[in-house]
Amino acid sequence: MSNTVINVAIDGPGGAGKSTSARAAAKELGFIYVDTGALYRAIGVNALRKNIDTKDVSAVAASLEGISVDLVFENGEQKVLLNGEDVSTEIRTPPASMAASDVSAVPEVRAFLFDLQRDIASRNSCIMDGRDIGTVVLPDAQVKIFLTASAEERAQRRFAELQAKGSSSTYQQVLDELIERDYNDSHREIAPLKPAEDSVLLDTTGVSLEEQVEKIINIIKEKIS
Ligand code: DC
């Protein structure tokens, strides 16, 4: 591989295994892994903390006034900072997931986060995951992958993760929320979730994590060789 910066965009719906497999693939390739969902989640948490209705577009836009959202990388691990405070754990709750999906439909929020994402990608070889990375944020990424899996399998994976954290959510609640979020994310007017035309489609239903990572690494190596 040459010294040029390599950008890999991985998009897809929630629970498709983007973050776990992208993190592992990035480690193997010596790239940084950037989880852009964490940025929208931090803005969602900011709105929840201020008791803002996350469906109120102008209130969400106004909530950006004076806040800072940053990503820092320590030993390859990403942390998300809201006004300098590490909110990496707080952003993972089900209310934060829904708030993130709501605020991500607000154009001012997307504009607010755009430069930060572009800047990281311009300076680092990275795998960046999200919903609009291949279509909007990094349209010139050398590699674009669209990762998906059935809603039931994605809900099962999310449910297992939440259970491991001691959450009391039921499988049905997780599935319902996931379907609602899929709908929101793919039907919003701005930067909706959809595969970039030049992306490689990878369906991970029934595919083990090891296999997913291997497939992702193979796609990347093939594209950049
Ligand atoms: O990937 P995630 O589940 O952490 O993302 C949380 C929400 O943020 C998701 O429902 C949609 C939004 N999002 C987005 O609109 N664009 C991105 N690039 C990443 C996430």
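Parameters and conventions
- Residues numbered from 1 in each chain as written.
- Predicted model: local features only at pLDDT ≥ 70, side-chain atom pairs only at ≥ 80, totals over all residues.
- Heavy atoms only, no water.
- Axes fitted to C-alpha atoms, helices over the stretch in contact; angles between N-to-C directions.
- Helix = DSSP H or I, 4+ residues; strand = E, 2+ residues; numbered from the N terminus.
- Parallel < 35°, antiparallel > 145°, perpendicular 65-115°, else oblique.
- Left-handed = near helix turned anticlockwise from the far one by under 90°.
- Contact = heavy atoms within 4.5 Å.
- Near = heavy atom within 4 Å.
- Polar contact = N/O pair within 3.5 Å; in protein donor to acceptor, adjacent residues only side chain to side chain.
- Areas by Shrake-Rupley, 256 points an atom, 1.4 Å probe, with all protein chains shown as cover.
- 1 Å grid on protein atoms, 1.4 Å probe; cavity = no way out; pocket = protein on both sides within 12 Å on 5 of 7 lines; lining within 4 Å.
- Sits in = over half its atoms within 2 Å of the grid points.
- Buried < 20%, exposed > 50% of the residue type's maximum accessible area, 1.4 Å probe, protein only.
- Pairing = 2+ DSSP bridges.
- Phe/Tyr/Trp six-rings, centres within 6.5 Å; stacked < 30°, edge-to-face > 60°.
- Points joined across faces, edges and corners; volume = space filled by probe spheres on them.
- Nonpolar A, V, L, I, M, F, W, Y, C, P; charged D, E, K, R; others polar.

Now for the packing of helix H7 (residues 151-164) against helix H8 (residues 171-187). It is the contact of H7 with H8, at a shortest axis distance of 9 Å, that shows an interaxial angle of 125°. Regarding the angle of H7 to H8, the classification is oblique. Of the two elements, H7 crosses H8, and the hand of that crossing is right-handed. On H8, the residues that touch Ala151, Glu152, Arg154, Ala155, Gln156, Arg158, Phe159 and Leu162 of H7 are Tyr171, Val174, Leu175, Leu178, Ile179, Arg181 and Asp182.

Right, let's talk about the environment of Gln156 for a bit. One can find Gln156 in helix H7. Linking Gln156 and Ser63, residues 93 residues apart in sequence, is a C-alpha distance of 34 Å.

The ligand sits among 15 residues. The nearest are Arg41, Arg110, Arg181, Asp185 and Arg188. A distance of 2.6 Å separates an oxygen atom of the ligand from a polar atom in the side chain of Arg41. Between the ligand and Arg110, the relevant distance is 2.8 Å, taken from an oxygen atom to a side-chain nitrogen or oxygen of the residue. In isolation the ligand offers 450 Å² of accessible surface; the protein chains occlude 98% of this area. Among the cavities detected, the one that contains the ligand is the largest pocket.

Burial within strand E1 (residues 7-11) is extensive, with five of its five residues counted as buried. The side-chain alternation of E1 yields two buried faces, one formed by Asn7, Ala9 and Asp11 and the other by Val8 and Ile10. Pairing analysis gives four bridges linking E1 to strand E7 (residues 143-148), with the strands arranged parallel. What sits directly across from Ala9, in E7, is Lys144.

Overall, antiparallel pairing links the three strands, which are arranged E3-E4-E5 in an open sheet. Whereas interior strands pair on both sides, the edge strands pair on one side only; in this sheet they are strand E3 (69-74) and strand E5 (85-86). Alignment of strand E4 (residues 77-82) against E5, held across two bridges, turns out to be antiparallel. When the sheet's bridge partners are listed, Leu81 is paired in E5 with Asp86.

Glancing now at the packing of aromatic side chains. Within this structure, the stated rule accounts for one aromatic pair. Pairing Phe159 with Tyr171 gives two aromatic rings, centres 6.1 Å apart and planes at 80°, and the pair type is edge-to-face. Of this pair, Phe159 sits in helix H7 while Tyr171 sits in helix H8, placing them 12 residues apart in sequence. Phe159 gets classed as buried once you look at its relative accessible area, which sits at 16%.

Further remarks concern unusual backbone geometry. Non-glycine residue Asn51 carries a positive phi angle of around 55°. Of note, Asn51 is situated in the loop between helix H2 (37-49) and helix H3 (57-62).

Here the idea is plain: a probe the size of a water molecule rolls over the atoms and shows the empty space left. By volume, the largest pocket amounts to about 1100 Å³. Around the largest pocket, the lining comprises 48 residues; the ones closest to its centre are Ser19, Arg41, Arg92, Arg158 and Glu161. The greatest single-element share of the lining of the largest pocket, amounting to six residues, is contributed by H8. Among the residues forming the lining of the largest pocket, the class breakdown is 12 nonpolar, 18 polar and 18 charged. Approximately 160 Å³ is the volume attributed to the second largest pocket. Here the lining of the second largest pocket is built from residues that sort into three nonpolar, three polar and four charged.

Note that every value here comes from positions in space, so none of it alone points to a role or purpose.
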